[in-house]
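Survey of secondary and tertiary structure
Single-letter residue listing:
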There are 2 protein chains.
Amino acid sequence: MKFDERHLIQLAAVVKTGGVTEGAALLGLAQPAVSRTLSMLEKRVGEPLFIRGRRPLQPTPLGLSLAEHGLVMLAASRKASDLVESFRVGKSGVVRIGGTPFFMDALIAGLCAEFQASHPDVRIDQNYGYFPDLRAALKADQIDLAICPIDILDEGSGLEFQQILPGRNVVACRVTHPLLLKRRPQPSHLLDYPWIAPPPGSPLLADLRALLLSFGATEIKIRYSGGSLMSVINYLKSADALTIMPHSVVFAQRKEKSITALPIAIPHPERALAILTRTDAPLSPAVEQFAGFVRSGFESLRHLIKRHEEAVVWGL
Amino acid sequence: MKFDERHLIQLAAVVKTGGVTEGAALLGLAQPAVSRTLSMLEKRVGEPLFIRGRRPLQPTPLGLSLAEHGLVMLAASRKASDLVESFRVGKSGVVRIGGTPFFMDALIAGLCAEFQASHPDVRIDQNYGYFPDLRAALKADQIDLAICPIDILDEGSGLEFQQILPGRNVVACRVTHPLLLKRRPQPSHLLDYPWIAPPPGSPLLADLRALLLSFGATEIKIRYSGGSLMSVINYLKSADALTIMPHSVVFAQRKEKSITALPIAIPHPERALAILTRTDAPLSPAVEQFAGFVRSGFESLRHLIKRHEEAVVWGL
DNA sequence: GAATTTCATAACGATCTGTTATACTGATGC
DNA sequence: GCATCAGTATAACAGATCGTTATGAAATTC
């Protein structure tokens, strides 16, 4: 005995509403359609599903049991419909993001949480990587969207950068660092302290090398490397060490009052943060929503940084 | 977005098995049918449900979520099919029985439990009543089957008795009753003890009256009445009272060794126990099974009683 | 017992289903 | 890199099914 699921749903609707007419209305059908379905079901099952000739239509035990299964299907069907609707407007789905570790840890994770306040049914899968990895992951459709500093894209690579924050590197240290006490700290002083090297593969590492070269420094006291952002910060908090960091990352930590940036202008390449996506395939609605949220989030951040810097300048 | 539930089930089958061909096979369909359903679904949903061009067919998150709902429906559908199968062979369903209190309590309740050892999914609803009530309940389709002593049925009543046990009334008392010590207890001795009257409406009450009349007794010391079987037995256990009971009910209590029957032959009308059912509507499979079980159960009981009585005779 | 509501049946067009046959595409082998 | 192969998509068609309107039958209600 194999059922057409729709028939069981119709049965469920009739049992639930207590009438063929009402059941049909519940499903948006005409009454004869449902009536015929019931007759057909009874014939096929070979057992009565309703007690005939009773006006508040009353199911037999078998009819009732079958209707319960139908109700399960009806609920599942409704849920499926809702799911598609919410998926379409980006209210459900999966967003697979990748990005450079410091940015992800400092800025994106929090944004994800904020995003889910309005999109609770969107799942976010986060991955770490630097540009080459991210580019490959995007091409291989392992992630939907990458967040990393702008890099060079081949022509016709099928990828696209959208800048979300202008970049600037700073030298970070703990708030009690002795260099902060100096009236005018000089770049050469930077060589007096132990350094934390950014993770290998990180653009920051290249930037650090360029920075040192600009001082004519050939050697640097690297005492720690390989840690994630939290490790680096915790190390910094416990020593007068220095490291190079995107300004926005240091800025994001300002509330903690544990690390800050040295007021030393250092050379820095153009490293604007951007969203990297594929151009060949359309983004799923949830990804689209998330990307929009990230853009507006960084737009706010940009203004915040701007006002903050103006305030700091005035405060000087 | 409203789905044809069957489509979601097909989607579920494909996701579950990991291939269109296998999914189709799981549902007993040809591959093109399922393939077309998938194409159609994707077009209607407007979002890809599978990542194209991957051989171990891989669903998108949306496809996967939809498939989960489809799986729910598939499971419900299977359960519904199983339910009908088990109903057909009487392995599930509801049996609504009614009967005279003493028989139900003494004999039927235990049989119900035994029945459900082989039919665990059959629910039994038990009701009490005497013949007129049971007849009415059957006609009103409130019960499927009644168990009571055979009574007079009108011609064309649409009901039918099937005898399951020949009837015989005995005088019951506790095993320590003084009358049991007498060599040859006489009917007249019965008037010396207090009596328990069977419940009003009970055939036993009429039988008791007839019994007394046969002794020429006009008065009897009725000290207790209205109790269910358990009350009557508990009363009997605590006093040298007497009461009239169907022999089978006393017999059913033999293991308890608390009450027994006096070896006094008393006049008794023909009161064979029977199953009363409607003849106009077919019994549901579960009821049929139950009726068969009751018949064979009483068949065994009949033999048991016979052997038991022969043994008692030999023992004398 | 008449009115009204509800259910069952009939007939019909449109749609959809499932089938077979066949072309296509990605995986696998050398 | 090309051939082979398994699995998937497409096409075409016959049959079933759906949902509709119109209408008759049955039961409830007043």
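Let us look at the structure shown here. Starting afresh in each chain, residues are numbered from 1 along the sequence in its written order. Going through the entries in the order they are written, you letter the chains from A and number the ligands from 1. This being a predicted model, a pLDDT of at least 70 is required before a residue's local features are given, and a value of 80 or more before pairs of side-chain atoms are given or counted; all residues contribute to the totals for chains, interfaces and linings. With hydrogens and water stripped out, all remaining heavy atoms of the structure feed into the side-chain values.

Only DSSP runs of H or I reaching four residues or more are called helices, and only runs of E reaching two or more are called strands; each is numbered from the N terminus. Assigned secondary structure in chain A consists of ten helices and twelve strands. Radius of gyration: C-alpha atoms only; globule rule: 2.2 Å multiplied by the number of residues to the exponent 0.38. Here the C-alpha atoms of chain A give a radius of gyration of 31 Å, more than 25% beyond the 20 Å that 2.2 N^0.38 yields for 316 residues. Along the three orthogonal principal directions, the C-alpha set of chain A runs to about 100 × 40 × 35 Å. Split into buried and exposed, the 316 residues of chain A put 47% on the buried side. Note on contacts: a residue pair qualifies if any of its non-hydrogen atoms lie within 4.5 Å across the two residues. Long-range pairs, those at least 24 residues apart, make up 73% of the contacts in chain A between residues at least 6 apart in sequence. For chain A, the accessible area works out to roughly 15,700 Å², and carbon and sulfur atoms hold 53% of it. Charged-residue counts in this description rest on Lys and Arg as positive and Asp and Glu as negative, His and the chain ends being excluded. Charge positions are represented by NZ for Lys, CZ for Arg, CG for Asp and CD for Glu. In chain A, which carries 35 positive and 30 negative side-chain charges, the distance between the mean positions of the two groups comes to 4 Å. Buried means the residue's accessible area, taken with a 1.4 Å probe over protein chains only, is under 20% of the maximum for its type, while exposed means over 50%, and partly exposed covers the values in between. In this description, accessible areas are obtained by the Shrake-Rupley approach with a 1.4 Å probe, and a residue is regarded as covered only by the protein chains that are shown.

Okay, the side chain of B:Ser157 next. All names here are of chain B. Following the sequence through the fold, Ser157 ends up in the loop between strand 5 (145-149) and strand 6 (159-165). Using a relative accessible area of 14% as the deciding quantity, one classes Ser157 as buried. Polar contacts here mean pairs of N or O atoms no more than 3.5 Å apart (in protein, one a potential hydrogen donor and the other a potential acceptor; neighbouring residues in sequence count only if both atoms are side-chain atoms). A polar contact is formed between the side chain of Ser157 and the backbone oxygen of Asp154, at a distance of 3.2 Å. Here Leu159 takes part through its backbone nitrogen, which lies 3.3 Å from a polar atom of the side chain of Ser157.

Salt-bridge detection follows one rule: a side-chain nitrogen of Lys or Arg within 4 Å of a carboxyl oxygen of Asp or Glu. The tally for this structure, following the rule as stated, stands at 18 salt bridges over all chains. Salt-bridge contacts for A:Asp4 lead to B:Arg6; the nearest nitrogen and oxygen are separated by 2.4 Å. With A:Asp4 in the segment before helix 1 (5-17) and B:Arg6 in helix 1 (residues 5-17), this residue pair bridges two chains. Looking at B:Arg6, the relative accessible area reads 35%, which means it is partly exposed. Between B:Arg88 and B:Glu85 there is a salt bridge, and its shortest N-O distance comes to 3.9 Å. Separated by three residues within a single helix, B:Arg88 and B:Glu85 lie in helix 4 (residues 61-88), roughly one turn from each other. Given the relative accessible area of 34%, B:Arg88 is considered partly exposed. Taken together, the shared-partner salt bridges in this structure form one network comprising A:Arg96, A:Asp141, A:Asp144 and A:Arg278.

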